[in-house]
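Residues per chain, in single letters:
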Amino acid sequence: MSKKLIDTIQQIFEEQYQIQPNPADLTLQKTKKEFAGDYTFVVFPFVKTLRKAPPVLADEIGKQLMERIPEMVAEYNVVQGFLNISLQNFYWFQFLEEKNKDGVSLSFPTDNEVVVIEYSSPNTNKPLHLGHVRNNLLGAATANILSAVGKKVYRVNLVNDRGIHICKSMLAWEKFGNNSTPESTGIKGDHFVGDYYVEFDQQLKREIAEQMQRGVTEEDAIKCAPLLIQSQKMLKKWEEGDPEVRALWKKMNQWVYDGFEATYARMGIEFEKTYYESDTYLLGKKMVEKGVADGVFYRKEDGSVWADLTEEGLDEKLLLRADGTSVYMTQDLGTAQLRYDDFHPNRMIYVVGNEQNYHFDVLKLIATNKLKQSWGETIYHLSYGMVELPEGKMKSREGTVVDADDLMEEMHQEAKRSTEELGKNNLDEDQKEGLYEMIGIGALKYFILKVDPKKNMLFNPAESIDFNGNTGPFIQYTHARIKSLLRKAAQEEIDLSRDIDKNTPLEEAERGLIKIIKEYESVVQNAAHQLSPALVANYLFELSKEFNRFYQESPIFKATDPAIRVLRLQIAKLCASTIQAGMGLLGIQVPEQM
RNA sequence: GGACCCGUAGCCCAGUGGAUAAGGCGACGGCCUUCUAAGCCGUAGAUCGAGGGUUCGAAUCCCUCCGGGUCCGCCA
């Protein structure tokens, strides 16, 4: 319906004033709360060419609109150069009727775009932490949103399962593990392996300190530390395919995968395909070698291979070490090629922290300018900000990481504590646990997703994540509240499917809610365009807030007119399904009652 | 040395060239003889980091400066 308004305004400019307006200036915005009206048209851009005072022009256009489409425009008012247009109630009823039939199903034109989105990308030497949580949630929500607007989406994970850091935990387990296993100790596999990674670091520090006490300089102590040398030897053996090392590697990685699986399941994270660096780095190496043969890369005297990006305004980038082993960039080139061959996507989105902005600039440049790959242009780095603690950045080595499993469990307990404190317990034990999980995880997910992805965000463990105000539980609560209303309506056998008489009076609160519900589709579309789930989160808060106001002001079952009662129930129902759909995009479940 | 990102109330955060900068937390004051108070209403709190510029109009675009963060590893 706003399209028709714009078209009519355009006609007015063409026929009445003989000018061809710039489409960019022909936009409607929603009218601010302080003013009467539904949509606002700004006339300032036209006053110069038409040599009319803004209020005069706005008034003329308003009059024309009333004359041309009286069935649509009910009234208008002018404040300075702002033309505020109120639509006929008829239109809002019509929207309600339509939606009441189809629910909130999005009706986007089918889109043939194929998108591969990579997220999570863990290392197999330590458990997932808060940084991964943001990554996972952002990736999953973005994938859901893109899928909702009609794109074919493939979710993929890239596991960094090889390298010196993996060897370190392997070595530490071999030396200090006494053949213990996750089963024998009852420790979750990823945590079990992570503990040996920490153990390695501590033992290494001890070795270095010992040497330094004997007067060896720090630099030399590091160079000749037995643990380090052994881990390097182990990596070499791994690359040579040594059966024992490979067997150990497989065993320990499997422990980690079992652990990850549990974490992903609890977080609701899924993938269509998982890539392993151990499978892709060789392809990367091959591509680099071919690049050397083709003369687009060059080999230094020591045997290392480089890409020269000085013409592009960057520097020289290492692609293969002197000993022939691959680096991060090598592997990423291989993975990108493989991924392109697998899915032939129009876009390859990488959900990776903003500390890697430079890496992805380089990756894209090498793919397009050096290797002349058509997929180079499809690379898009969805770069997000760090999660910081009050004392600054999280650091694994200093033990200041917030563990993902611990955090989820704390959220569950916090939900339990909070629910019990409110004295809500008319559920059986299983249902209660399910509800606590829904609320706790919902609070965590919303907390992270509501902030603009590109911004750094603060997490303060001391003040646990809130359940009041702009939070997941607030929105879940709103949903539960509506469900309760609908149960009551069902009990009273009120028929919600019937159409409302379009002459029924429409109050401001009702009209306002319908208006917000109507925005849902464009919000999702915008979120897909900007790859920002935060837009959906903030919209849902606004919607819930508006509903609660309405709930307080307009008691449904006290309304004497049955038509008004049905009208309000229909609006409430639509509100609930919009919340459910929107929260679903964020990967957050909503309860029937809480 | 070079490059990128971010500065909005005590704290967190919205705002993608339009009206009097929107909310949340915290503070203070109201609202439960029941459609769920994890809610609603109200009060106090903002020279939108600073200065210039572009524009009818700038938190938003451009320039300079200040503050915070990140990257430019034969780590991933």
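To be clear, the structure that these remarks concern was listed above.
Residues numbered from 1 in each chain as written. Chains lettered and ligands numbered in written order. Predicted model: local features only at pLDDT ≥ 70, side-chain atom pairs only at ≥ 80, totals over all residues. Heavy atoms only, no water.

Chemist: How would you sum up helix H18 (residues 508-530)? Please name residues and give values.
Modeler: In a regular helix each residue adds 1.5 Å, so 23 residues correspond to 33 Å; H18 covers 32 Å between its end C-alpha atoms and thus fits that length. Most pronounced at Tyr 520, the bend in H18 amounts to some 35°. One or two positions beyond H18, positive phi appears at Leu 531, with a value near 55°. (Helix = DSSP H or I, 4+ residues; strand = E, 2+ residues; numbered from the N terminus. Expected span 1.5 Å × (residues − 1). Bend = angle between axes of the 7 residues up to and from the residue.)

Chemist: Outline a negative patch on the surface, listing residues and values.
Modeler: Judged by side-chain charge, Glu 420, Asp 428, Asp 430 and Glu 433 come together as a negatively charged surface patch. Among the secondary structure elements, Glu 420 is positioned in helix H15 (residues 404-421). (Patch = residues over 30% accessible without salt bridge, like charges linked within 9 Å, V, L, I, M, F, W, Y side chains within 5 Å. Areas by Shrake-Rupley, 256 points an atom, 1.4 Å probe, with all protein chains shown as cover. Salt bridge = Lys/Arg side-chain N within 4 Å of Asp/Glu carboxyl O. Lys, Arg positive; Asp, Glu negative; His and termini not counted. Charge placed at Lys NZ, Arg CZ, Asp CG, Glu CD.)

Chemist: Can you tell me about the protein's contact with RNA strand B, naming the residues and giving the values?
Modeler: Taken together, 65 residues lie near RNA strand B, and Asp 302, Asp 315, Tyr 477, Gln 530 and Tyr 551 sit nearest. Near the protein, meaning within 4 Å, the atoms of RNA strand B are sugar or phosphate in a fraction of 61%, with bases accounting for the rest. Lys 48 is positioned with one of its side-chain polar atoms (N or O) 2.6 Å from a phosphate oxygen of RNA strand B. The backbone of Met 594 places a nitrogen or oxygen atom 2.7 Å from a base nitrogen of RNA strand B. Elements that contribute at least two residues to the surface near RNA strand B include exactly strand E2 (39-42), helix H2 (44-50), strand E4 (82-87), helix H13 (328-343), helix H14 (357-370), H15, helix H17 (472-491) and helix H19 (533-553). For the surface near RNA strand B, the leading source of residues is H19, giving eight residues. Among the residues forming the surface near RNA strand B, the class breakdown is 27 nonpolar, 22 polar and 16 charged. (Near = heavy atom within 4 Å. Polar contact = N/O pair within 3.5 Å; in protein donor to acceptor, adjacent residues only side chain to side chain. Nonpolar A, V, L, I, M, F, W, Y, C, P; charged D, E, K, R; others polar.)

Chemist: Lay out the sheet that holds strand E7 (residues 273-276) in plain terms, naming residues and giving numbers.
Modeler: The sheet built from five strands is open, its strands ordered E7-E6-E5-E11-E12 with parallel pairing. Sheet topology places E7 and strand E12 (379-384) at the edges, where each strand pairs with a single neighbour. On average, adjacent strands in this sheet sit at an angle of 25° to one another, irrespective of strand direction. Relative to E7, strand E6 (residues 152-159) runs parallel, the two being bridged by four bridges. What sits directly across from Leu 158, in E7, is Tyr 275. Most of the contacts of H14 go to E12, to which it runs at about 175°, and overall it touches strand E11 (347-353) and E12. (Pairing = 2+ DSSP bridges. Axes fitted to C-alpha atoms, helices over the stretch in contact; angles between N-to-C directions. Contact = heavy atoms within 4.5 Å.)

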